[in-house]
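So you can see what is in the structure, the chains are spelled out below.
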Amino acid sequence: MRGSFGLTNVTVVTGDADGSVLSDQTVLVGRDGTIERVGAAADIEVPSGCRILQGRGRFVVPGLINAHAATGPTPRSSGWIG
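A brief structural summary. All chains use their own residue numbering, which begins from 1 and follows the written sequence. Since the coordinates come from a predicted model, pLDDT governs what is reported: local features require at least 70, and pairs of side-chain atoms require 80 or more to be given and counted, while whole-chain, interface and lining totals use all residues. Excluding hydrogens and water, the side-chain values take into account all heavy atoms of the structure.

Examining the overall build of the protein chain
- Secondary structure follows DSSP: runs of H or I at least 4 residues long count as helices, runs of E at least 2 residues long count as strands, and numbering of each begins at the N terminus. Scanning the protein chain from terminus to terminus reveals zero helices and five strands.
- Starting at the N terminus and walking to the C terminus, you meet the elements of the protein chain as β-β-β-β-β.
- Taking all 82 residues of the protein chain together, 27% fall into the buried category.
- Of the contacts formed within the protein chain by residues at least 6 apart in sequence, a portion of 43% connects residues at least 24 apart.
- For every accessible area listed, the method is Shrake-Rupley and the probe measures 1.4 Å; residues are considered covered only by the protein chains on display. Surface summary for the protein chain: the accessible area is close to 6,300 Å², and the carbon and sulfur share equals 51%. Burial status follows relative accessibility: with a 1.4 Å probe on protein chains alone, a residue under 20% of its type maximum counts as buried, one over 50% as exposed, and anything between as partly exposed. Should any heavy atoms of two residues lie within 4.5 Å, those residues are counted as being in contact.

Quick word on unusual backbone geometry
- One non-glycine residue with positive phi stands out, namely asparagine 9, at about 60 degrees.
- Looking at where asparagine 9 falls in the secondary structure, it is placed in strand β1 (residues 5-13).
- We classify asparagine 9 as buried; its relative accessible area is 16%.
- Its identity is not glycine, yet aspartate 24 carries a phi of approximately 55 degrees, on the positive side.

Structural data, given as structure tokens:
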């Protein structure tokens, strides 16, 4: 997605140690795809020129990546048939 945009009325799962979940938030995303600001939807106005994506009923999980990897057997692991 190109350009800045705002996700409005989303639920943000912060991923902190307390398991915080923030309801009815606005997330502003910059042109480079980085999150620039997060806050209560009532307190943050999406700047003019930004695309607005209505997110009611949706979740945002910043920083979550797919870190799953699968590798086959190697000469050092058991199960190598080489």
